[in-house]
Amino acid sequence: VAVLGVAAASLARLLGADAGAVAVAGVASGLGLLIRQELGRRHFNLLTLPLSAALIGALLGGVALRLDWTTTPELVLIVPALMLIPGPHLINGILDLVENYIPMSMARLTLAIGILLASALGVILGVELVLPGPLPETDSSVVPLNLVSDMALAGIVTCGFAVFYNTPWAAVAMAAVGGMAGHGLRFLGLEAGASLEAATFLGGFAVGAVSGWMARSGRTPIAVVAFAGAVTMIPGLNLYRALAGALRLARSPQLADPGVAVGALSNGLQACLVISSLALGLIAGAKTVAALTGAPDSARKPPIAPKPEQKASLAGREVR
């Protein structure tokens, strides 16, 4: 809980949140994890776990906004939900799709979409309960980050997610190096004038290359390490603005400004493009390492079916 809370606070600052939003996002993410653990022990439906955690995050974020604790409403509401993104399911599903494992890919991607929709529903319910009116404007006075602080925060977030997904301690440092290198390349690309999609592709490529090398040298699951390093490049602000625009249209469809619909659609499309660039960069980096090393993709090898004689011997064993 502490590790995930620190990772959420670092992610909020990395995205440009002020001190109030950083503190609330960290506490909300920690409480959301406790809620998920308790509901999981009581065998609740899988989708109720992210819904409840996102609802807790939106409620606490709404309270912080009503009390004027923060001037970055978008981040205080969306960062706890970003901590619920099923990254390993998405990455494994895309890798399965690339490798032509269609049934497994569809199953993983469907589960990931269900978790994302449950998280979005939790955010919407929390906003409706606490913030029935229009959201306050974001303050633009937050001090931007430099390259060193950007990479340091990316390393902290990567370590937090790597530990959360039970990555071996020996591999956490390498995962942090990949996350720092990827986000650093993205930062430099944006500073050089590259588009957000191109800069994100470069960052994803670096993370994918490090993850692919770790998967072969240390037999670490590639999806876990890749998501830990890539989560810092997920376009959370675009996702939130698309969700907020859709919510504004749903509240008053007759009085809605056409610009709201255009803004929601453009933010949603840009988020899709950035996520696609990130996924493409991860896959390209991992595949490049596989091609250069010439090693079999052990981290992605499908399970081998037992032989008939093994099935007969396994059938008589008692599973304890």
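Residues numbered from 1 in each chain as written. Predicted model: local features only at pLDDT ≥ 70, side-chain atom pairs only at ≥ 80, totals over all residues. Heavy atoms only, no water.

Draft legend 1. Examining the packing of aromatic side chains more closely. Per the stated rule, a full pass over the model turns up five aromatic pairs. Measuring from centroid to centroid gives 5.1 Å for phenylalanine 164 and tyrosine 165, while their planes differ by 75 degrees, and the two rings are edge-to-face. We classify phenylalanine 164 as partly exposed; its relative accessible area is 27%. Centroid distance tyrosine 165 to phenylalanine 227: 6.0 Å. Interplanar angle 80 degrees. Geometry classified as edge-to-face. On the criterion of sequence distance, the pair formed by tyrosine 165 in the loop between helix 7 (147–164) and helix 8 (169–191) and phenylalanine 227 in helix 10 (residues 222–230) is long-range, its members being 62 residues apart. Look at tyrosine 165 and you get partly exposed, because its relative accessible area is 23%. What makes phenylalanine 227 buried here is its relative accessible area of 4%. By the ring-pair criterion, three or more aromatic residues cluster together here, those being Phe161, Phe164, Tyr165 and Phe227. (Phe/Tyr/Trp six-rings, centres within 6.5 Å; stacked < 30°, edge-to-face > 60°. Buried < 20%, exposed > 50% of the residue type's maximum accessible area, 1.4 Å probe, protein only. Helix = DSSP H or I, 4+ residues; strand = E, 2+ residues; numbered from the N terminus.)

Draft legend 2. Spotlight on the pattern of salt bridges. Per the stated rule, a full pass over the model turns up four salt bridges. Across the salt bridge formed by glutamate 38 and arginine 41, the nearest N and O atoms sit 2.7 Å from each other. On the criterion of helical spacing, the pair formed by glutamate 38 and arginine 41 is a turn pair, its members being three residues apart in helix 2 (residues 19–41). Between aspartate 96 and arginine 108 there is a salt bridge, with its nearest N and O atoms 2.4 Å apart. Of this pair, aspartate 96 sits in helix 5 (residues 87–98) while arginine 108 sits in helix 6 (residues 102–130), and the two are 12 residues apart along the sequence. Residue classification places aspartate 96 among the buried positions, given a relative accessible area of 3%. Linked by salt bridges that have partners in common, Glu38, Arg41 and Arg42 make up one network. (Salt bridge = Lys/Arg side-chain N within 4 Å of Asp/Glu carboxyl O.)

Draft legend 3. Looking closely at unusual backbone geometry. Even without being glycine, histidine 43 reaches a positive phi, approximately 60 degrees. Along the polypeptide, histidine 43 turns up in the loop between helix 2 and helix 3 (48–66). Phi is positive for aspartate 68, which is not a glycine, with a value near 60 degrees.

Draft legend 4. Structural detail: the environment of leucine 145. Relative to the helices and strands, leucine 145 is located in the loop between helix 6 and helix 7. Along the chain, leucine 145 and arginine 13 lie 132 residues apart, while their C-alpha atoms are 8.9 Å from each other. Look past the residues within four positions of leucine 145 in its chain and what remains in contact with it is Arg13, Leu14, Asp150, Leu153 and Phe187. (Contact = heavy atoms within 4.5 Å.)

Draft legend 5. Structural detail: the side chain of threonine 158. Relative to the helices and strands, threonine 158 resides in helix 7. Contacts of threonine 158, omitting those with residues within four sequence positions, involve Ala175, Ala176, Gly179, Ala228 and Gly229.

Draft legend 6. Local environment of the packing of helix 1 (residues 2–14) against helix 2. Their axes nearest at 7 Å, the elements helix 1 and helix 2 cross at an angle of 145 degrees. Of the two elements, helix 1 crosses helix 2, and the hand of that crossing is right-handed. Every residue of helix 2 that contacts helix 1 at Leu4, Gly5, Ala8, Ala9, Ala12 and Arg13 is listed here: Ala21, Val22, Ala25, Gly26, Ser29, Leu33 and Arg36. (Axes fitted to C-alpha atoms, helices over the stretch in contact; angles between N-to-C directions. Left-handed = near helix turned anticlockwise from the far one by under 90°.)

Draft legend 7. Spatial organisation of helix 12 (residues 258–293). Helix length check: helix 12 (36 residues) gives 53 Å between terminal C-alpha atoms against 52 Å at 1.5 Å per residue, within 8%. Positive backbone phi, approximately 70 degrees, marks glycine 294, located one or two places after helix 12. (Expected span 1.5 Å × (residues − 1).)

Draft legend 8. Up close: a nonpolar patch on the surface. Where nonpolar side chains cluster on the molecular surface, the patch consists of Val1, Val27, Leu31 and Leu34 and spans about 310 Å² of accessible area. Checked against the element boundaries, leucine 31 lands in helix 2. (Patch = residues over 30% accessible without salt bridge, like charges linked within 9 Å, V, L, I, M, F, W, Y side chains within 5 Å. Areas by Shrake-Rupley, 256 points an atom, 1.4 Å probe, with all protein chains shown as cover.)

Draft legend 9. Focus on the environment of threonine 293. Secondary-structure assignment places threonine 293 in helix 12. The exposure class assigned to threonine 293 is partly exposed, which follows from its relative accessible area of 45%. Between the alpha carbons of threonine 293 and tryptophan 213 there is a distance of 8.7 Å; along the sequence they are 80 residues apart.

Draft legend 10. Region of the structure containing helix 7. In this model, helix 7 (18 residues) spans 26 Å end to end at C-alpha, consistent with the 26 Å of a helix rising 1.5 Å per residue. The set of residues buried in helix 7 consists of Asp150, Leu153, Ala154, Gly155, Val157, Thr158, Gly160, Phe161 and Ala162. In this fold, the buried residues of helix 7 make contact with helix 1, helix 8 and helix 10. The N-cap residue of helix 7 is asparagine 146: its side-chain oxygen and the backbone nitrogen of valine 148 are 3.3 Å apart. Note on helix 7: the residue one or two positions beyond its end, asparagine 166, has a positive phi of about 60 degrees. (Polar contact = N/O pair within 3.5 Å; in protein donor to acceptor, adjacent residues only side chain to side chain.)

Keep in mind these numbers describe shape, not what the thing actually does.
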